[in-house]
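# Topology and contacts: notes
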Amino acid sequence: MKYCSNCGSKRLEFKVPKGDVHKRWVCNQCKMIHYSNPNIIAGCIPIWEDKIMLAKRSIGPKKGMWNLPAGFMENGETVSQGALREVREETLCEVDLGPLITIFSIPRARQVHMHFVGEMKDDKSFGNGIETSDVQLFLEEDIPWDDIAFETSKFTIRNYLEDRKKGEFKVHIGDLT
Ligand SMILES: [Zn+2]
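Bear in mind the structure is a predicted one, so any value in this text is a computation, not a measurement. (Residues numbered from 1 in each chain as written. Predicted model: local features only at pLDDT ≥ 70, side-chain atom pairs only at ≥ 80, totals over all residues. Heavy atoms only, no water.)

## What about the domain arrangement of the chain?
Heads up, the rule is: Domain delimitation follows an automatic or database domain assignment.
Each assigned domain of the chain is listed with its residue range as follows: domain 1 (1-36) and domain 2 (39-175). For domain 1 versus domain 2, the distance between C-alpha centres works out to 36 Å.

Listed below in structure tokens is the structure:
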């Protein structure tokens, strides 16, 4: 951090504020403490009958690879609303939210990913939304495992398929450390 985003001062110091236990950027001019904490990425595994919907990324990182629709939560929305919005924005698809299936931490990226099962309302109403160059439904045997963009998506798809065989969905907690 070079400037204080509150007052514009360069008098920033990385130190433990009084009464805290972690180092933070503190402005010695206006006394603002600049907290930095993990972001939540909300998304879905959209399902139609025995198929899973994946979106191909049209932007980096991992451009051209497949992924579950997901993205950063916005201020003022719940995690459910964020998941629904991301599916709508990336794949133009409306889903009914099913159970939460994934809580996946990536400490070095300062991220926590949350994925829900998303029941698609039909198998036709979807298309290329923002950041997306293709959207397709995949049977289990056709899932392009080597071309899936992120570990979180692989984790969610794998657990979804295993849970589906057992007939019971639960929350799976994972991480990339
Ligand atoms: Zn300041």
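## A word on the environment of Lys-18
Counted only if it meets this: The way it works is that DSSP assigns letters per residue, a run of H or I at least four long becomes a helix, a run of E at least two long becomes a strand, and they are numbered from the N terminus.
Within the fold, Lys-18 resides in the loop between strand 1 (12-15) and strand 2 (24-27). For the pair Lys-18 and Ser-80, spaced 62 residues apart in sequence, the C-alpha separation works out to 36 Å.

## Quick notes on the nonpolar core
Note the cut-off: Grouping buried Ala, Val, Leu, Ile, Met, Phe, Trp, Tyr and Cys residues that are joined through side-chain atoms within 4.5 Å yields what is termed a nonpolar core. Think of it in three bands: residues with accessible area under 20% of the maximum for their type are buried, residues over 50% are exposed, and the middle band is partly exposed, with areas taken using a 1.4 Å probe on protein chains only. Only heavy atoms enter the contact rule, under which two residues are in contact if any of them lie within 4.5 Å.
Grouped together as the largest cluster of nonpolar side chains are 14 residues, with contacts concentrated most on Ile-45, Ile-52, Leu-54, Ile-143, Ile-157 and Tyr-160. When residues of this core are traced back to their parent elements, those giving at least two are strand 4 (39-48), strand 5 (51-57) and helix 2 (151-166). Broken down by element, the residue count for this core peaks at three residues, all from helix 2. Beyond its immediate stretch of four places on either side in the chain, Ile-45 contacts Ile-52, Leu-68, Ile-101, Phe-116, Val-117, Gly-118, Thr-156, Ile-157 and Tyr-160. Membership of the second largest hydrophobic core comes to twelve residues, among which are Met-53, Ala-83, Val-87 and Val-95.

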